[in-house]
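Residue-level structural notes
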Amino acid sequence: MDQASRDAAVQHPAPSHPPIPAPGGGYLLSTPVPRPVGPRDAAPRRRSGGPAVGRTVGGHTVRQLLPLCAQAGLGAADSAAYARALTEALGPVADRPLDLAPGTPSFLSDDHTPVEFSLSFAVGAAPTLRVLLEPASGLGSLAESGRAGLLAVRALAQRWNISTGPLDAVEDLFFPDRPHGAFALWLALELLPGGVPRMKVYLNPAARGPEHQAATFREALHRLGRTSALDALPGHDRLVFFALDLGDWEQPRVKFYTSHPGLAPSAVGALSTMAGGPNPAELESFLRTAAGLPADRHTRLDRRPVLTCHAFTGAADGLPSGFTLYLPVRDYARHDGEVLDRTVVLLDRYGIDPTPLREALPAVTPRPLESGVGLIAHLALAHQQGHPPRVTTYLSSEAYRVRPPAA
Ligand code: TRP
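A few points on the structure.

1. Let's talk about the overall build of the chain
Summing up its helical and strand segments, the chain has 10 helices and 10 strands in all. For the chain, buried positions account for 59% of its 407 residues. Nonlocal contacts in the chain, meaning residues at least 24 apart in sequence, comprise 70% of its contacts between residues at least 6 apart. Summing over all exposed atoms, the chain offers an accessible surface of approximately 15,600 Å²; the carbon and sulfur share of this is 55%.

2. What to know about the sheet that holds strand β3 (residues 185-190)
In space, the 10 strands of this closed barrel follow the order β1-β2-β3-β4-β5-β6-β7-β8-β9-β10, with antiparallel pairing throughout. Strand-to-strand twist across the sheet, computed as the mean angle between neighbouring axes with direction ignored, equals 20°. As judged from the 6 bridges shared by strand β1 (residues 115-121) and strand β2 (residues 128-133), these two strands associate in the antiparallel manner. Residue pairing across strands places Phe117 opposite Val131, the latter belonging to β2. Helix-sheet contacts for helix α2 (residues 57-71) involve β1, β2 and β10 (390-396), and the interaxial angle to β1 is about 10°.

3. Thoughts on the packing of aromatic side chains
Under the definition given, this model contains 15 aromatic pairs. A ring pair is formed by Phe107 and Phe183, whose centres lie 6.2 Å apart and whose planes are at 55°; its orientation type is tilted. Residue Phe107 is found in the loop between α3 (76-90) and β1, and its partner Phe183 is found in the loop between α5 (165-174) and β3; the two are separated by 76 residues along the sequence. A ring pair is formed by Tyr257 and Tyr326, whose centres lie 5.8 Å apart and whose planes are at 40°; its orientation type is tilted.

4. Quick word on the pairing of β10
Taking burial as the measure, the 7 residues of β10 include 6 buried ones, the bulk of the element. Taken together, the 6 bridges between β1 and β10 define a ladder with antiparallel strand orientation. Note on β10: the bridge partner recorded for Glu116 is Ser396. Connecting strand β9 (residues 376-384) to the next strand, β10, in antiparallel fashion are 5 residues, including Gly386 with a positive phi near 85°.

5. With respect to the pattern of salt bridges
A complete count under the given rule lists 20 salt bridges for this structure. Between Arg154 and Asp168 there is a salt bridge, with the nearest N and O atoms lying 2.7 Å from each other. Of this pair, Arg154 sits in helix α4 (residues 142-159) while Asp168 sits in helix α5; the two residues are 14 residues apart in sequence, bridging distant segments of the chain. For Asp168, a relative accessible area of 39% corresponds to the partly exposed category. Between Arg304 and Asp331 there is a salt bridge whose closest N-O contact spans 2.7 Å. Of this pair, Arg304 sits in the loop between α8 (280-291) and β7 (306-312) while Asp331 sits in the loop between β8 (322-327) and α9 (336-349), placing them 27 residues apart in sequence. Across this residue pair, the class does not change: Arg304 and Asp331 are buried. Taken together, the shared-partner salt bridges connect Asp110, Arg304, Arg330, Asp331 and Arg403 into one network.

6. Notes on the packing of α9 against helix α10 (residues 355-364)
Packing of α9 against α10 brings their axes to within 10 Å, and their N-to-C directions diverge by 155°. As summarised for this structure, α9 and α10 are arranged roughly antiparallel, according to the angle between their axes. The two elements α9 and α10 cross, and the hand of that crossing is right-handed. Contacts from Leu340, Thr343, Val344 and Leu347 in α9 reach Leu357, Arg358 and Leu361 in α10. Residues that form the contact of α9 with α10 fall into these classes: 5 nonpolar, 1 polar and 1 charged.

7. Examining the pairing of β3
Counting buried residues along β3, 6 of its 6 residues qualify, which places the element largely inside the surrounding structure. Here β3 shows a buried face lined by Leu185, Leu187 and Leu189 and a second buried face lined by Trp186, Ala188 and Glu190. Bridge count between β2 and β3: 4 bridges; the pairing is antiparallel. Looking at β3, one finds that Arg130 is bridged to Glu190. Taken together, the 6 bridges between β3 and strand β4 (residues 198-203) define a ladder with antiparallel strand orientation. Across the sheet, residue Ala188 finds its bridge partner in β4, namely Lys200.

8. Some points on the nonpolar core
Counting residues in each nonpolar core, the largest one holds 96 residues, and the members touching the most others are Leu65, Leu187, Met199, Leu203, Phe242, Phe256 and Leu327. Top contributing element to this core by residue count: α3, with 6 residues. Core analysis: the second largest hydrophobic core is formed by 17 residues, Leu108, Ala182, Val240 and Tyr326 among them.

9. Quick notes on helix α6 (residues 213-223)
Structural remark: α-helix, 3.6 residues per turn; residues separated by three or four positions point the same way. Buried within α6 are the following residues: Gln213, Thr216, Phe217, Ala220 and Leu221. One face of α6 carries all of its buried residues, which in axial projection span an arc of 125°.

Parameters and conventions
- One numbering rule holds for all chains: residues counted from 1, following each sequence as written.
- Confidence filtering applies because this is a predicted model: local features only for residues at pLDDT of at least 70, side-chain atom pairs given and counted only at 80 or more, and all residues used for totals across whole chains, interfaces and linings.
- To get the side-chain values, take all heavy atoms of the structure and skip hydrogens and water.
- Strands here mean DSSP runs of E at least two residues long; helices mean DSSP runs of H or I at least four residues long; both are numbered from the N terminus.
- Here's how the labels work: a residue is buried when its accessible area is under 20% of the maximum for its type, exposed when over 50%, partly exposed in between, all with a 1.4 Å probe on protein chains only.
- When checking whether two residues touch, look at their non-hydrogen atoms; a contact exists if any pair is within 4.5 Å.
- Per-residue accessibility takes into account occlusion by the displayed protein chains alone, with areas from the Shrake-Rupley method and a 1.4 Å probe.
- Strand pairing requires that DSSP identify at least two bridges connecting the strands.
- Under this scheme, a helix contributes an axis fitted over its contacting stretch, all axes are lines through C-alpha atoms, and angles between N-to-C directions fall in the 0 to 180 degree range.
- Only Phe, Tyr and Trp rings take part, Trp by its six-membered ring, and two of them pair if their centres are within 6.5 Å. Stacked means planes under 30 degrees apart, edge-to-face means over 60, and tilted covers everything else.
- What makes a salt bridge here is a side-chain nitrogen of Lys or Arg within 4 Å of a carboxyl oxygen of Asp or Glu, nothing more.
- Angular relationships are summarised with four words: roughly parallel below 35 degrees, roughly antiparallel beyond 145, roughly perpendicular across 65 to 115, and oblique for the angles in between.
- Handedness of a helix crossing follows the sense of rotation of the near helix relative to the far helix, less than a right angle counterclockwise being left-handed and clockwise being right-handed.
- Just so you know the grouping, Ala, Val, Leu, Ile, Met, Phe, Trp, Tyr, Cys and Pro go in nonpolar, Asp, Glu, Lys and Arg go in charged, and all remaining residues, Gly too, go in polar.
- Nonpolar core, defined: a set of buried Ala, Val, Leu, Ile, Met, Phe, Trp, Tyr and Cys residues in which side-chain atoms within 4.5 Å join the residues together.
- The reported arc concerns the directions from the helix axis to the C-beta atoms and nothing else.

Following this line, the structure appears as structure tokens:
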């Protein structure tokens, strides 16, 4: 992304830091899409949880994490250990008071909180809690925070005896001295009972510049022994993230996220190249319910784009063994009450009890669901061979700001 489009996309003034693209505009790391200016571009607002005095990024997110851990069935010792891990991985930003504007306009979340939670549901099991964070967020330049983030990831991996082999193999491709794009490194922790999480790292495929994206990508797959994945991807000109599983996964995945601006719901079925993947009607109906579009409404999803993820586990046929569809639902609803209603319909379709989600939301924020939109940022449907489908809700921290309901 060039400087002009960065400047055009900046949402909040962030003195003393280089501009970074706003959420939405920052989606396509190499091909920005202009975003209409609307109410969500207002100045940061305090969430309704009382004054920010004395609150910090770390304190706020840990206070949200602990009750979410309880919803996911984690015990007190595991929860406390995960809370410490979150704070440590965040680094110095954990101590940053919330009454200061975000130091770096992280594009991890719309209000620039460098943390996002997710609850992933499958039939007959307690939901799994995950936390996505920007390690060492805003610690210096993008290059510096990327390197500090790598150190944080390695320190955590070492503590849990998790190998960073796949990351080590490709590190030089994704952490150049002068990185491009809106982020360098994100880390997701899947918080399992027992105190040892599974880790996922997210990398920017265009870190060496959009013009080198294809080569970066090919080289990374080559080093990871996954060259066949290249042929099995749908057109990946709009590749946005490259992700690697680290740790005790049954089958560690290499994952590619692509974005699909202006997608027609009827076209979603054709996006999956997963072997034995979801049928097109299922994908379309998930998307329609999530976006609030009845079957007879023929319209395109022209706000923040739908994302898809193909996961490769090295199957002999080279085909992906997993496919996930993400809708940035906050752009397609008036308020979170509406989003929750749609989510309950979707969970019900998959035979999943919505109670943990209903109980989790007030643990994240005391605000009424109708008073804003974006608490549930994305809704996702994941298919992975050998597993029942999962419905995942991505929950914003809203540490800095609540997006007002849409008119
Ligand atoms: N905030 C960014 C976005 O909305 C990145 C992101 C965070 C994201 N969590 C996500 C993208 C979950 C897809 C799914 O795109």
